[in-house]
Amino acid sequence: YFCRHGERWELQLKGSGKTPYSRNGDGRAVLRSSVREFLCSEAMHHLGIPTSRAASLVVSDDDVWRDQFYNGNIKKERGAIVLRVAKSWFRIGSLEILAHSGELDLLRRLLDFIIQEHFPSIAMNDSNRYLEFFSTVVSETANLISLWMSVGFAHGVCNTDNFSLLSITIDYGPFGFMDSYDPNFVPNTSDDERRYKIGNQASVGLFNLSKLLQALKPLLDPRQKQLASQILEGYGEHYHSRFTELFKTKLGLLGENENDNYLIAFLLKVSLLC
């Protein structure tokens, strides 16, 4: 942690070496991907999109072996370490793994810590605090993915372990920006099934939120579970509303018109044909 102007930030090193969470990988990072993360996280910040940021980048003397295009052609590359900064690195997967393991006491303690530290609008003595937390994450995730779409950003690996509970962009890996509109755009060369193509990001967000709800259910009573399901059903409306708002701003459309959505869809289709 470090504090600045009364705010607390978490520091994380990417590429510093193997950790208990590296899934048997070497825990290293190559220079090319480190530079890309540094530049893109700064670009996203200045585009007004919630994101982690890169505080520093140090070139390492270690050689790192990588199969860049997953075609069996392994090459030696220069290593690097990125110092990343965010308010929190907790992800949907952080709660999912505890629920899956049946560690419900630890799940409750971690969730209370996250709410107390990062969701000040939620009262800790509120019996519905987990429901309020879920509602906030649903709406903010819809907002984040709408912002991604507004600049043509494809994350590349949208699993629950890469989705922040604070709804910020984290873990820049095989990301990419569309040069021209294409809902089938995939920046990840290993994603043969196009699971995380840019046109799927909103749906994948819904899938990840459903996994979050599944993790929270052991802590909810029957009434809260029903309400949480209704909140999840509202995700699509949140996303569509924010997406429309962002694209109307891009087009300079004022007020409300029943043909706005048609115009946005038409222009996207035209750009696809071009």
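All chains use their own residue numbering, which begins from 1 and follows the written sequence. Local features in this predicted model are restricted to residues whose pLDDT is 70 or higher, and side-chain atom pairs enter the listing and the counts only when it is 80 or higher, whereas totals over whole chains, interfaces and linings include all residues. Hydrogens and waters are ignored; side-chain quantities use all the structure's heavy atoms.

**Some remarks on the side chain of glutamine 224**
Thought 1: The residue glutamine 224 is located in helix H6 (residues 222-233) in this model.
Thought 2: Under this definition, polar contacts are N or O atom pairs within 3.5 Å; protein pairs additionally need one hydrogen-donor-capable and one acceptor-capable atom, and for neighbouring residues in sequence, both atoms have to be side-chain atoms. Polar side-chain contacts of glutamine 224 include one of 2.9 Å to the backbone oxygen of serine 127.
Thought 3: Note on definitions: a residue-residue contact is assigned when non-hydrogen atoms from the two residues lie within 4.5 Å. What glutamine 224 contacts, discounting residues up to four positions off in sequence, is Ser127, Asn128, Leu131 and Leu219. Only DSSP runs of H or I covering at least 4 residues are called helices, and only runs of E covering at least 2 are called strands; the numbering of each starts at the N terminus.

**Some points on the packing of helix H2 (residues 92-100) against helix H5 (residues 201-216)**
Thought 1: Axes here refer to lines fitted to C-alpha atoms; in helices the fit is confined to the stretch in contact. Angles between the N-to-C directions go from 0 to 180 degrees. For the pair H2 and H5, the least separation of the axes is 9 Å and the interaxial angle reads 40°. Accordingly, the angle class assigned to the pair H2 and H5 is oblique. Relative to H5, the crossing made by H2 is left-handed. Residues Ile92, Leu95, Glu96 and Ala99 of H2 form the contact with H5, whose participating residues are Asn208, Leu209, Lys211, Leu212, Ala215 and Leu216.
Thought 2: Taken together, the residues that form the contact of H2 with H5 break down as 7 nonpolar, 1 polar and 2 charged. In what follows, roughly perpendicular refers to angles from 65 to 115 degrees, roughly parallel to angles under 35, roughly antiparallel to angles over 145, and oblique to any angle outside these ranges. In this scheme, a crossing is called left-handed if the near helix is turned counterclockwise away from the far one by less than a right angle; it is called right-handed if the turn is clockwise. For this scheme, ten residues count as nonpolar: Ala, Val, Leu, Ile, Met, Phe, Trp, Tyr, Cys and Pro. Four count as charged, namely Asp, Glu, Lys and Arg, and the remainder, Gly too, count as polar.

**Concerning the environment of glycine 17**
Thought 1: With respect to the secondary-structure elements, glycine 17 resides in the loop between strand S2 (7-14) and helix H1 (31-46).
Thought 2: Exposed residues in this analysis have more than 50% of their type's maximum accessible area, buried residues have under 20%, and partly exposed residues fall in between, with area computed by a 1.4 Å probe over protein chains only. For glycine 17, a relative accessible area of 13% gives the class buried.
Thought 3: C-alpha separation for the pair glycine 17 and tyrosine 70, spaced 53 residues apart in sequence, amounts to 22 Å.
Thought 4: The contacts of glycine 17, once residues within four sequence positions are left out, are Asp26, Gly27 and Arg28.

**Some thoughts on the nonpolar core**
Thought 1: Within the largest apolar cluster, 54 residues are counted, with the highest numbers of intra-cluster contacts made by Leu95, Phe133, Trp148 and Leu212.
Thought 2: With 12 residues, helix H4 (residues 129-150) is the single largest residue contributor to this core.
Thought 3: Formed jointly, this core draws a minimum of three residues from each of two domains, domain 1 (10-86) and domain 2 (92-251).
Thought 4: Once residues lying within four places of it in the same chain are set aside, the contact partners of leucine 95 are Leu107, Leu110, Leu111, Ile114, Phe133, Leu165, Leu212, Ala215 and Leu216. Grouping buried Ala, Val, Leu, Ile, Met, Phe, Trp, Tyr and Cys residues that are joined through side-chain atoms within 4.5 Å yields what is termed a nonpolar core. Annotation comment: domain bounds sourced from an automatic or database domain assignment.

**Let's talk about the packing of aromatic side chains**
Thought 1: Stacked, tilted and edge-to-face are the three classes assigned to paired rings of Phe, Tyr and Trp, where Trp is represented by its six-membered ring and a pair needs centres within 6.5 Å; plane angles under 30 degrees give stacked, over 60 edge-to-face, the rest tilted. Using the criterion set out here, one finds 11 aromatic pairs in the structure.
Thought 2: Relative to phenylalanine 175, the ring of tyrosine 172 lies with its centre 5.7 Å away and its plane at 85°, an arrangement referred to as edge-to-face. In this structure, tyrosine 172 and phenylalanine 175 share a single accessibility class: buried.
Thought 3: Taken together, Trp148, Phe153, Phe163, Tyr172, Phe175 and Phe177 form an aromatic cluster joined through their ring pairs.
Thought 4: Note on criteria: charge over ring means Lys NZ or Arg CZ within 6 Å of the ring centre, with the direction from the centre no more than 35 degrees off the ring normal. Across the ring face of phenylalanine 175, the terminal group of arginine 36 is positioned such that the distance to the ring centre comes to 4.1 Å.
Thought 5: Sitting over the ring of tryptophan 9, lysine 87 keeps its end group 4.8 Å from the ring centre.

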